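Below are the chains, spelled out letter by letter.
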Amino acid sequence: GTWGLPDMGPQTTAVLRACACCIEIHKRLHQFDTGVDNVRLCLHIGVGCGEVTILQVGGRQPPETSVKRLEYIIAGPPLEQISIAEPLAAIGETCLSPQAWAYVKDCVVEGSRLEERPDFHLLLRMDESKYTFPTIKHAAMENDHRLDLQMNDLNKIRQYMPQAVYKQIECGTLTYVNEMRNISTIFINGSGLDIMSEQGPMIAQELMSSVQECCYQHEGTLNKFLIDDKGMLFLLVFGLPPLVHTDDPTRAVLACFDMLKVFKRLKLFGKFGVTTGRSYCGVCGSARRMEYTVLGDCVNLSARLMANARENTILCDDNTRRRSTTEIIYNALAPIYVKGKEGMVDIFQPVKKDYSKTIGLNKHKMVSFPWHQNAFGGVSSGGLSVAELQEGVIRLCSIKSWQGISRASELLGGGFRKEIHNDKELPIPNEPSMASKPPKGSPFNDGGVVVIEGATGMGKIELAEHVVVHSLVTFRMFPIFGCMGPRSGDSLRLSRDLLRSTLGIFRYTSKTALPEDDFEAVKMLNSHKGRRLDLLEQALSQTDGIFEKSADILALAIEVTVDLLTQFSKNESVLLVMQFEYGTSLFPAKLQDKDIFWQTVETLYNDFIKTQSADSKPRVMVLMCREAKEKDKPCPPAVHAAELSNTRLVLNGLETQANVAEYMSRYLNLPDGDSNLIPTPLRNFVANVTQSNPLYIRETIDQLREHHIQVNETAG
């Protein structure tokens, strides 16, 4: 870099450049005034050198793109060196490791001696008789032969870039990527991995790919992955475009539960901090080097919570708790002080809500619907009482001109009866009602499949609930449930629902009392089959650590359920209700559980519904889903059967303004449900903005009542 001096070689040149850079950083940024509350930026720097290992880890495909995502990390002795050097440097100082010092000791001036570690050296300044910062900088730029990136080169590095950034660069609108938005942030500190060990890179790859999979299954974004002297650091964000959901706080916490299982499986330790709030999301850096990241008080707090968490635990802030759905229970812990906050911060430890152990017909002669007790992606009415949920069924299904209830009434052979929808014991007849038989050709008379299809909130749940209750109290048709939501790992829930709802109808009809313990009851009913039921014992007892066995558990649960229902349907009718709810998921085609659900439906259809004999009672399957047929995929056999029998019900909302007005009047509890009391502008506004979706109508009215309209409920 200086005329007349010999070439020092690449390693010495690299360390010398690093030293010059450190000195310049201190000059420009040490005691830098941030302009916020008299806060100044202080620096201390460590320098090491040597061979490094460069790893590309990951390789899972994010939900919003078809390109696999890789993370680029560096590990090796230099990182171990700086883990010692950096703490030895006081504020405003730079400390060099022995390995780095050996290369530049004749080119720089040493600072004061470090008594505790004399082999490490403080850097005072360059030896300006030989080298100066301008000459070193000029030489570095002169020998920088990297080519400027062209647009046609973007695909080469696309797998290292966030999809939102790639799209903005491709469209030439990168400045619009910077924004303030509400996000949920996860910081994870991992320990227990020696990346330089023989198995280290393999474990790092397994860890990263598993963390990616957990993140992408919940439609989040993995923003950073670092390995340094403090261990592994992950930064995940939920709510970055295009992956924006109303239940992002819930998704973030559920992803933490899944990732915690990964750390335990790999015998590593993880500490998780989760926060929710408004943060800066965009690029930082210069025109030559910039990075997409998230910044703000919420992000900082997430890192503080991570630092305060114990090994293999999750800490959340109050915002995350308040904005989560009922799928998670939060236990309050003692408030803590964190750096950057004047007062104490409320913290919470999340616990995943247990699946209900009572599904289907219970001992009180009532039906425990799975969607009453377990929220599906933040869209079901978790937290409401049974009476309130049944009022929702009455409110929607009482609209006689609604397409959903009119088609269901045709198939059932009778109209809607609100008196059977209450939180009281159901009047289950000893024999099917001869006066209210379903029409010939209907699945409820001959057996078959009914598909209830439509977007979230269109009334699938309310309509299915009416069908189940009507069939039970009129046709003595006993319900079985198999439900999956948009959350990963729900195949265990599907297994439990099938088994427990099957046991429920046996307990009601059996002359011999079955044990209260579900597994003991399964063993009693399957005593002659000679099956090994150990897996079902673990599933029914909700034992931890059985996720890896979920496929085997589901296969066994289906086999047992089919055998029991085949035996049961010789004397009684069966209504098998299968539901897959996407919730707020934007890319359901990427959900692994979706394939599992449709495989289960196909097995139950082929092995149970289709095998109905002439001497058995009707076997009916009700399928609830958003889309029963997908482009470029073969039609599922059960859906094809529904199409042939014209029993595929596609719900498109309330359709007419008159129906919307009637539903609004019922939801507002207007006298006699008089829709004429609703001002025409309000009626038109709600109908247009909600696209006649009952869920959106309820949400819009709730918002309007909170801020804009008032209903006089005492008026005559």
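Just so it is clear, the structure is predicted and the values come from calculations on it, not from any experiment.

The next point concerns the overall build of the protein. A tally of regular secondary structure across the protein gives 24 helices and 23 strands. Viewed in the frame of its principal axes, the protein has a C-alpha envelope of about 110 × 70 × 55 Å. Within the protein, buried positions represent 50% of all 716 residues. As presented, the protein carries roughly 34,400 Å² of accessible surface, and 51% of it is formed by carbon and sulfur atoms.

On to the packing of aromatic side chains, then. Enumeration over the complete set of coordinates arrives at 13 aromatic pairs. Centre to centre, the rings of Phe478 and Tyr508 are 5.8 Å apart; their planes meet at 50°, and the pair counts as tilted. Linking Phe478 in strand S20 (residues 477-484) with Tyr508 in helix H16 (residues 491-509), this pair joins segments that are 30 residues apart in sequence. Assessed through its relative accessible area of 0%, Phe478 is described here as buried. By relative accessible area, which is 24% here, Tyr508 ends up partly exposed. Ring plane angle 55° and centroid distance 5.3 Å describe the contact between Phe506 and Phe568, whose orientation is recorded as tilted. Of this pair, Phe506 sits in helix H16 while Phe568 sits in helix H19 (residues 550-568), and the two are 62 residues apart along the sequence. Counting every residue linked through ring pairs, the aromatic cluster contains Phe225, Phe234, Phe263 and Phe272. Above the ring of Phe348, the side-chain terminus of Arg321 is found at 4.9 Å from the ring centroid.

Over its 19 residues, H16 runs 28 Å from end to end, which matches the ideal 27 Å to within 8%, given 1.5 Å per residue. The buried fraction of H16 amounts to 16 of the 19 residues, a majority that puts the element mostly inside the structure.

The strand order across the open sheet formed by 4 strands is S3-S6-S8-S7, and the pairing between neighbours is mixed. Across the chains shown, the open sheet's two edge strands, defined by having one partner strand only, are strand S3 (45-47) and strand S7 (108-110). Averaged over neighbouring strand pairs, the angle between their axes works out to 45° when direction is ignored. Contacts from helix H2 (residues 77-88) reach S3, strand S6 (94-96) and strand S8 (121-126) within the one sheet, and its direction differs from that of S3 by about 145°.

Quick look at the pairing of strand S11 (residues 231-238) now. In terms of burial, S11 is a largely internal element, 7 of the 8 residues being buried. Across 7 bridges, the pairing between strand S9 (residues 179-191) and S11 is antiparallel. The residue bridging Asn189 from the neighbouring strand is Leu233, located in S11. Relative to S11, strand S10 (residues 221-228) is paired through 7 bridges, and the arrangement is antiparallel. Residue pairing across strands places Ile227 opposite Met232, the latter belonging to S11.

The next point concerns the sheet that holds S20. A sheet is described by the order of its strands in space; here 5 strands give the open sequence S20-S21-S22-S19-S23, paired in parallel fashion. Unpaired on one side and paired on the other, S20 and strand S23 (648-650) mark the two borders of the sheet. Strand-to-strand twist across the sheet, computed as the mean angle between neighbouring axes with direction ignored, equals 15°. In terms of strand pairing, S20 meets strand S21 (residues 573-580) through 8 bridges, oriented parallel. Residue Met477 lies in a different strand from S21, and its bridge partner there is Ser573. The strands touched by helix H13 (residues 403-412) are strand S19 (448-453) and S23; relative to S23, the strand with the most contacts, the crossing angle is about 165°. Taken strand by strand, H19 contacts S20, S21 and strand S22 (619-625), and its axis lies near 150° from that of S21.

At their nearest, the axes of helix H22 (residues 657-667) and helix H24 (residues 694-707) sit 11 Å apart, and the two run at 50° to each other. When the interaxial angle is binned, H22 and H24 end up oblique. H22 and H24 meet at a crossing whose hand is right-handed. Mapping the contact onto sequence places Val660, Tyr663, Met664 and Tyr667 in H22 and Pro694, Ile697, Arg698, Ile701 and Asp702 in H24. Looking at the contact of H22 with H24 residue by residue, the classes come out as 7 nonpolar, no polar and 2 charged.

With that out of the way, let us pick up the side chain of Ser585. Of note, Ser585 is situated in the loop between S21 and helix H20 (592-609). Only 3.2 Å separates the side chain of Ser585 from the side chain of Arg251, close enough to count as a polar contact.

Topologically, Lys610 is positioned in the loop between H20 and S22. Residues Lys610 and Asp247, 363 residues apart in the sequence, show an inter-C-alpha distance of 39 Å.

With that settled, consider the confidence of the model for the protein. In low-pLDDT regions, the fine details of the predicted coordinates are not to be read closely. For the protein, per-residue confidence averages 87 on the pLDDT scale, and residues scoring 70 or more make up 94% of the total. At the level of individual helices and strands, the protein shows its lowest average pLDDT in helix H5 (residues 154-157), which scores 75, and its highest in strand S14 (residues 313-316), which scores 97. Within the model, the stretch residues 377-382 combines pLDDT values under 50 with 20 contacts to residues more than four positions away or in other chains.

Inspection of the secondary structure assignment puts Arg395 in helix H12 (residues 386-397). The buried charged residue Arg395 lacks any salt bridge, with Glu391 as its nearest oppositely charged partner at 4.5 Å. With residues up to four places along the chain from it excluded, the contact list for Arg395 reads Tyr663, Arg666 and Tyr667.

Moving on, we come to a nonpolar patch on the surface. Taken together, the side chains of Val52, Ile54, Tyr72 and Ile74 present a nonpolar region at the surface, about 360 Å² in accessible area. The exposure class assigned to Val52 is partly exposed, which follows from its relative accessible area of 39%.

Time to look at the nonpolar core. Grouped burial of nonpolar side chains is what soluble globular proteins tend to show. If you look at the biggest cluster of nonpolar residues, it comprises 106 residues, and the most contacted ones within it are Phe444, Val449, Leu536, Met578, Met621 and Leu623. With 10 residues, H19 is the single largest residue contributor to this core. Counting 41 residues, the second-largest nonpolar core is a separate cluster that includes Leu55, Leu193, Ile314 and Phe348.

Procedures and definitions
Residues numbered from 1 in each chain as written. Predicted model: local features only at pLDDT ≥ 70, side-chain atom pairs only at ≥ 80, totals over all residues. Heavy atoms only, no water. Helix = DSSP H or I, 4+ residues; strand = E, 2+ residues; numbered from the N terminus. Buried < 20%, exposed > 50% of the residue type's maximum accessible area, 1.4 Å probe, protein only. Areas by Shrake-Rupley, 256 points an atom, 1.4 Å probe, with all protein chains shown as cover. Phe/Tyr/Trp six-rings, centres within 6.5 Å; stacked < 30°, edge-to-face > 60°. Lys NZ or Arg CZ within 6 Å of the ring centre and 35° of its normal. Expected span 1.5 Å × (residues − 1). Pairing = 2+ DSSP bridges. Axes fitted to C-alpha atoms, helices over the stretch in contact; angles between N-to-C directions. Contact = heavy atoms within 4.5 Å. Parallel < 35°, antiparallel > 145°, perpendicular 65-115°, else oblique. Left-handed = near helix turned anticlockwise from the far one by under 90°. Nonpolar A, V, L, I, M, F, W, Y, C, P; charged D, E, K, R; others polar. Polar contact = N/O pair within 3.5 Å; in protein donor to acceptor, adjacent residues only side chain to side chain. pLDDT = per-residue confidence, 0-100. Lys, Arg positive; Asp, Glu negative; His and termini not counted. Salt bridge = Lys/Arg side-chain N within 4 Å of Asp/Glu carboxyl O. Patch = residues over 30% accessible without salt bridge, like charges linked within 9 Å, V, L, I, M, F, W, Y side chains within 5 Å. Core = buried A, V, L, I, M, F, W, Y, C linked by side-chain atoms within 4.5 Å.

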